[in-house]
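So the chains spell out like this:
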Amino acid sequence: MKIKFLILLLGIGLFASAQVTITNLRCEMLKNPLGIDATQPRFSWQLESSERNVAQTSYQIIVSTNEQKLKTDEGDVWNSGIVSENTSLLKNYNGKALQSTTKYFWKVKVITNKGEAQLNETAIFSTGLLNESGWKAKWIGYDKASAWDSITTWSRLSARYLRKEFQSTSAIKRATVYIAGLGMYELYINGTKIGDQVLAPNPTDYRKSFFYNTHDVTETIKKGNNAIAAVLGNGRFFTMRQNYKTYKINTFGYPKLLLQLEIEYADGSKKIIVSDKSWKLNVDGPIRTNNEYDGEEYDATKEFIGWNNAGFNDSKWLQPELVTAPAGKIRAQFSKPMKVKQTIKPVSIKKIGEGKYILDMGQNFAGWLQLQNIKGKKGDKIAMKFAESLQSNGALFTANLRDAKVTDVYTFGNSALGIEGWHPSFVYHGFRYVEISGFPGIATVNNFEGQLVYDDVETTGSFETSNQTINAIYKNAWWGIASNYKGMPIDCPQRNERQPWLGDRVIGQQGESFMFDNANLYAKWMDDIQQSQNAEGAIPDVAPAFWNYYSDDVTWPAAFITISNNLYNQFGDSKPIQKNYAAMKKWMLYMKEKYLVHDIMTKDKYGDWCVPPENLHLIHAKDSSRLTDGKLIATAYYYKLLSYMQRFAKMTGNDADAKDYAVWADNIKVAFQKTFYNPVQRSYSNNTITANLLPLYFGICPDSLKEKVFENIYNKIHVESNDHISTGLIGTQYLMRGLTEYDNTNLAFKLASNTTYPSYGYMVANGATTIWELWNGNTADPNMNSQNHVMMLGDLLTWYYENLAGIRTDKTEVGFKKIMMKPSVPDELQFVNAAYKSVYGIIKSEWKKNEQTFEWHISIPANTTATVYIPAKSLSDVLESGNVLAKAEGVSDMKWENGKAVIHIASGNYTFKSQMK
Ligand code: BGC
């Protein structure tokens, strides 16, 4: 008894003294991932504590196939031993070779300067099929069109329904399905839909690679007779436009299925069910057509009642064909699947005719409309057409959708639509308004629900200021970015395009990475880009290359390098760089050899894409994107990319390459100055903002000229553009940071908070609920005018977080292990409240000011440190929680620098107060 009591006391004592917990265990940046195919998965964790100054001193990772053994620290596959390191990101597995289709348990033990950290969770991961030989399944499908299909410009192909029944006997220990259903699948076992992913798997260039997904179905399989069933839709595999512009549009074949169900019984025996000729197939079911541009048609009179349950009579169904495998390599999907992430209640419905209504969702977004609680007669058809805005006469504005039909049709069968309702399975739409026709009875908003669909990435940032325009733009940006995550970042979700254009994200990805945990989404995209590289080394402007655009531009493919760089900075993930360094180098060499003439990059395709058209008169050109010389843009960009390549070369042990890049860069710098700097006018090229900004921001401009060159930019904005934005996609990528770096935070703030044309706020003032493709989105030609496009965000969100909130990572200790807290404070802003869930934990910056004082709450996570820049009158004017800095716990290294108190802080929460005047 006594001993027990003592142990209990000791236990409590330990618990109390630790005060540090280990949280957020991640494997390959995912929580408890299933079916991974990394042979050396990487482990990460975070530490949490309410105390200041918590630092990890060592860790020990243990991995086991046995959960019980793990509890006693027995790692039958890996025990890292005690590793004296203070980082906790992406630690490589280094144990026995991992086995296919196996479940592993893991934990981490952490010692900190405050004692041992407490672990409350055990984590798992499981492997998929690590070798292709593990696949016993066969590809099955139906490689032809039916009489009711149409393989033309507006292609129509009915969904494929596949099913199989099987017996299961004794108690099941674990059952797992590995499925590649291309283009997209829905999976059922015994009538239950498996998983909450939608539009799965994520799209790839199927000639290069494609994904399978893994699902744990242990609970769904029962003793006796079972049915497994899948529906296949087209996705990008059987693409939206068939036999049309075939030089440009790639398609990959008819939908097909590869499925393997592995059942492990408690007695140790195993059973495998695979896709093969023993399955049954039907292509004459309820989904009559599914086309991402044109919509989905569902005819409930064609439903096969009970088809995905055991006991269904499928004697009239066909035998599927054994079909050829896609050319690409099969891989486990490591980026998150899409899901219904949020539901949206319509704000109004207006009757415009018999059975005809206009529904307003109150928000432009991408996903679909769910029909619910509707009674119809057999054969009644409800058609839904989607659009982003209305014409002045109240009808849908569809001119900007180009030839996309974006119409879903539901035909009633015998049963009414209950609360679970209906929504399409294999398409999505970008919309705010819906025209409903053929509605039986009287429609109300309760008959509809909007469902926002995007990748299952966490929203990691929150941001609020005293300025309502800045806040509204932030919100619109969130909706725009979420809408355009579709297993890859696409340009827009509504018209007949929806392509993963590289240029749109070159810098935007960085701002997005504060808002969303997009690490795996973009790591996957880096693979897509690598796979799109052709034999010569060219990288296209769209990847995966669903469209062939090998134009040898610099500024679009730059995404491969800038985003890989940011994935390392923001998330500490160096894998995209390690993995793709050779491909990046190949592209740099390809461009150099083909287009670098006398050290000037002579090839550019897009210019400063989408400058406000009013500036056209300045150059008397037809295309506003040509306002700034394309050679200047391409050369400056190529120069900048060489600096990233130097970093990557050093990281990958290619030091000789780093030296080469430095030499090329030096030569380019000289040539750039000679070619584009005009000593008479003391400006670059034709003196546009972008022409001056790139050499200034990229470090090409000599120090002695910087002041004058910045003055050119300032005058262009202040005098010529009346304090308004007037750059296109390229200039806008550096504008906010450029102005701030040159001590013009107030001008940057003006651009960010304007509500008159052209500005982000102008979009808001004109009813935008996302970000427009064009500054003049309300008046421009509808042909290229999406109302949900994020490319013009440029560096705005980066500026919100890094400059206004002042949260950024140190670039040597990446992933926010070491943080720089340095807000730029515009005169007109009274407060900023920002939080960011970094890979080390939550960082907060909440400042407010008045004429005299600046008050700032900072939180930085356990096991990180920060350098903090506090606006103040003097060092001694700064108080932390009422104490002078010298007496504040966790504060050290105080110095006075450029009108700011610069200090070092250990982890924890702090409140600083300083005198501004
Ligand atoms: C897309 C853009 C893209 C551009 C490049 C447009 O149609 O929507 O986002 O970057 O083309 O040509």
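Since we're looking at a predicted model, the values are computed, not measured.

Calculation criteria
Residues numbered from 1 in each chain as written. Predicted model: local features only at pLDDT ≥ 70, side-chain atom pairs only at ≥ 80, totals over all residues. Heavy atoms only, no water. Helix = DSSP H or I, 4+ residues; strand = E, 2+ residues; numbered from the N terminus. Rg over C-alpha atoms; globule rule 2.2 N^0.38 Å. Buried < 20%, exposed > 50% of the residue type's maximum accessible area, 1.4 Å probe, protein only. Contact = heavy atoms within 4.5 Å. Areas by Shrake-Rupley, 256 points an atom, 1.4 Å probe, with all protein chains shown as cover. Lys, Arg positive; Asp, Glu negative; His and termini not counted. Charge placed at Lys NZ, Arg CZ, Asp CG, Glu CD. Core = buried A, V, L, I, M, F, W, Y, C linked by side-chain atoms within 4.5 Å. Pairing = 2+ DSSP bridges. Axes fitted to C-alpha atoms, helices over the stretch in contact; angles between N-to-C directions. Left-handed = near helix turned anticlockwise from the far one by under 90°. Nonpolar A, V, L, I, M, F, W, Y, C, P; charged D, E, K, R; others polar. pLDDT = per-residue confidence, 0-100. Near = heavy atom within 4 Å. Polar contact = N/O pair within 3.5 Å; in protein donor to acceptor, adjacent residues only side chain to side chain. Salt bridge = Lys/Arg side-chain N within 4 Å of Asp/Glu carboxyl O. Phe/Tyr/Trp six-rings, centres within 6.5 Å; stacked < 30°, edge-to-face > 60°. Expected span 1.5 Å × (residues − 1). Bend = angle between axes of the 7 residues up to and from the residue. Disulfide = S-S within 2.5 Å.

## Remarks on the overall build of the protein
- For the protein, the helix and strand inventory stands at 15 helices and 46 strands.
- Here the C-alpha atoms of the protein give a radius of gyration of 29 Å, agreeing with the 29 Å that 2.2 N^0.38 yields for 917 residues.
- Counting only C-alpha atoms and orienting by the principal axes, one finds that the protein spans roughly 85 × 85 × 55 Å.
- Every one of the 917 residues in the protein was classed for burial, and the buried ones make up 61%.
- For the protein, contacts bridging at least 24 residues in sequence account for 75% of all contacts bridging at least 6.
- Just so you have it, the protein exposes about 34200 Å², and 50% of that area is on carbon and sulfur atoms.
- Mean positive and mean negative side-chain charge positions of the protein (101 and 92 charges, respectively) differ by 3 Å.

## Here's the deal with the nonpolar core
- By size, the foremost hydrophobic cluster in this structure holds 227 residues, and its most contacted members are Tyr800 and Phe912.
- Of the residues forming this core, the biggest block, 13 residues, is contributed by helix 8 (residues 630-651).
- Setting aside anything within four residues of it in sequence, one finds Phe912 in contact with Phe854, Glu855, Trp856, Ile858, Val868, Ile870, Val878, Leu879, Glu880, Leu885, Ile903 and Ile905.
- Ranked by size, the runner-up nonpolar core spans 26 residues in total, among them Ile179, Leu259, Leu261 and Val283.

## Examining the pairing of strand 21 (residues 295-299)
- When you tally the buried positions in strand 21, you get four out of five residues, the bulk of the element.
- Pairing analysis gives four bridges linking strand 20 (residues 287-291) to strand 21, with the strands arranged antiparallel. Among the inter-strand pairings, Asn291 is bridged to a residue of strand 21, identified as Gly295.
- Joining the antiparallel neighbours strand 20 and strand 21 is a turn of three residues.
- In terms of strand pairing, strand 21 meets strand 30 (residues 407-411) through three bridges, oriented parallel. Counterpart to Glu297 in the pairing with strand 30 is Val409.

## Details of the packing of helix 10 (residues 689-697) against helix 11 (residues 703-720)
- Running from amino to carboxyl end, helix 10 crosses helix 11 at an angle of 145°, the nearest separation of the two axes being 9 Å. Seen along the crossing, helix 10 lies across helix 11 with a hand that is left-handed. Two secondary-structure elements touch here, helix 10 through Ile689, Asn692, Leu693 and Leu696 and helix 11 through Lys706, Val709, Phe710, Asn712, Ile713, Lys716 and Ile717.
- Grouping the amino acids of the contact of helix 10 with helix 11 by side-chain chemistry returns seven nonpolar, two polar and two charged.

## Some points on the confidence of the model for the protein
- Chain-level statistics for the protein give a pLDDT mean of 96 and a share of 97% at 70 or above.
- Throughout residues 1-18 the model reports pLDDT below 50, and contacts reaching past four residues in sequence, or to other chains, amount to four contacts.

## Regarding unusual backbone geometry
- Here the amide bond leading from Ala200 into Pro201 is cis, since omega sits at -5°, within 30 degrees of zero.
- A positive phi is found at Asn687, a non-glycine position, where the angle reads about 60°.
- Tracing the backbone shows Asn687 in the loop between strand 37 (683-684) and helix 10.
- By relative accessible area, which is 18% here, Asn687 ends up buried.

## Some words on the site of the ligand
- Taken together, Asp491, Arg495, Glu497, Trp501, Asp504, Trp556, Tyr606, Trp609, Glu773, His789 and Met791 make up all the residues around the ligand.
- The contact in question runs from an oxygen atom of the ligand to an N or O atom on the side chain of Asp504, over 2.4 Å.
- One nitrogen or oxygen atom from the side chain of His789 is found 2.9 Å from an oxygen atom belonging to the ligand.
- Counted by class, the shell around the ligand contains five nonpolar, one polar and five charged residues.

## Looking at the sheet that holds strand 8 (residues 118-119)
- One open sheet holds the four strands; their spatial order is 5-2-1-8, and the pairing between them is mixed. The sheet is open, and its two edges are formed by strand 5 (91-92) and strand 8, each paired on a single side.

## Here's the deal with the pairing of strand 2 (residues 42-49)
- Counting buried residues in strand 2 gives six out of eight residues, a clear majority hidden from the surface.
- One ladder, built from six bridges, connects strand 1 (residues 20-27) with strand 2; its direction is antiparallel. Among the inter-strand pairings, Thr21 is bridged to a residue of strand 2, identified as Glu48.

## Here's the deal with the pattern of salt bridges
- Evaluated as defined, the whole model comprises 44 salt bridges.
- Arg241 serves as the salt-bridge partner of Asp403, at 2.9 Å between the closest nitrogen and oxygen. Of this pair, Asp403 sits in the loop between strand 29 (396-397) and strand 30 while Arg241 sits in the loop between strand 16 (224-233) and strand 17 (256-265), and the two are 162 residues apart along the sequence.
- Arg241 sits in the buried class, given a relative accessible area of 5%.
- Among the salt bridges present, the one from Asp380 reaches Lys377, with a minimum N-O distance of 3.9 Å.
- With relative accessibility at 18%, the residue Asp380 sits in the buried group.

## Re the packing of aromatic side chains
- Using the criterion set out here, one finds 67 aromatic pairs in the structure.
- Relative to Tyr606, the ring of Trp501 lies with its centre 6.2 Å away and its plane at 90°, an arrangement referred to as edge-to-face. Highlighted residues: Trp501 in the loop between helix 3 (468-483) and helix 4 (508-515) and Tyr606 in the loop between strand 35 (600-601) and helix 8, separated in sequence by 105 residues.
- The class for Trp501 is buried, based on a relative accessible area of 11%.
- We classify Tyr606 as buried; its relative accessible area is 6%.
- Taking 4.2 Å as the distance between ring centres and 35° as the angle between the ring planes, the aromatic pair formed by Trp556 and Tyr606 counts as tilted. Separated by 50 residues along the polypeptide, Trp556 in the loop between helix 5 (519-532) and helix 6 (559-571) and Tyr606 in the loop between strand 35 and helix 8 bring together distant segments of the chain.
- Chaining the aromatic ring pairs together yields one cluster made of Phe463, Tyr474, Phe514, Trp799, Tyr800, Tyr801, Phe816 and Tyr836.

## Here we look at helix 7 (residues 575-595)
- With 21 residues, helix 7 should cover 30 Å at 1.5 Å per step; its first-to-last C-alpha distance of 29 Å lies within 8% of that length.
- Remark: the principal bend of helix 7, roughly 60°, maps to Tyr581.
- Inspection of helix 7 places Pro576, Ile577, Asn580, Tyr581, Ala583, Met584, Trp587, Met588, Tyr590, Met591 and Tyr595 among the buried residues, and these make up the whole buried set.
- At its buried positions, helix 7 is contacted by helix 5, helix 6, strand 34 (596-597), strand 35, helix 8 and helix 9 (655-676).

## A word on helix 6
- End to end, helix 6 covers 17 Å across 13 residues, agreeing with the expected 18 Å (1.5 Å per residue, within 8%).
- In terms of burial, helix 6 is a largely internal element, 13 of the 13 residues being buried.
- Backbone geometry just after helix 6 places Gly572 at a positive phi near 75°.

## A closer look at the side chain of Thr688
- Its place among the elements puts Thr688 in the loop between strand 37 and helix 10.
- Residues contacting Thr688, with those up to four places away along its chain left out, are Leu627 and Thr628.

## What to know about the sheet that holds strand 16
- A sheet is described by the order of its strands in space; here five strands give the open sequence 14-13-16-11-19, paired in antiparallel fashion. Two strands bound the open sheet, and with one partner strand each, they are strand 14 (192-193) and strand 19 (280-282).
- Note: strand 13 (residues 184-189) against strand 14, two bridges, orientation antiparallel. Paired with Tyr188 across the strands is Lys193, a residue of strand 14.

## Things to note about the state of the cysteines
- Under the definition given, this model contains zero disulfides.
- We note that Cys492 lacks a disulfide partner, and the nearest cysteine sulfur, in Cys610, lies 12 Å from it.

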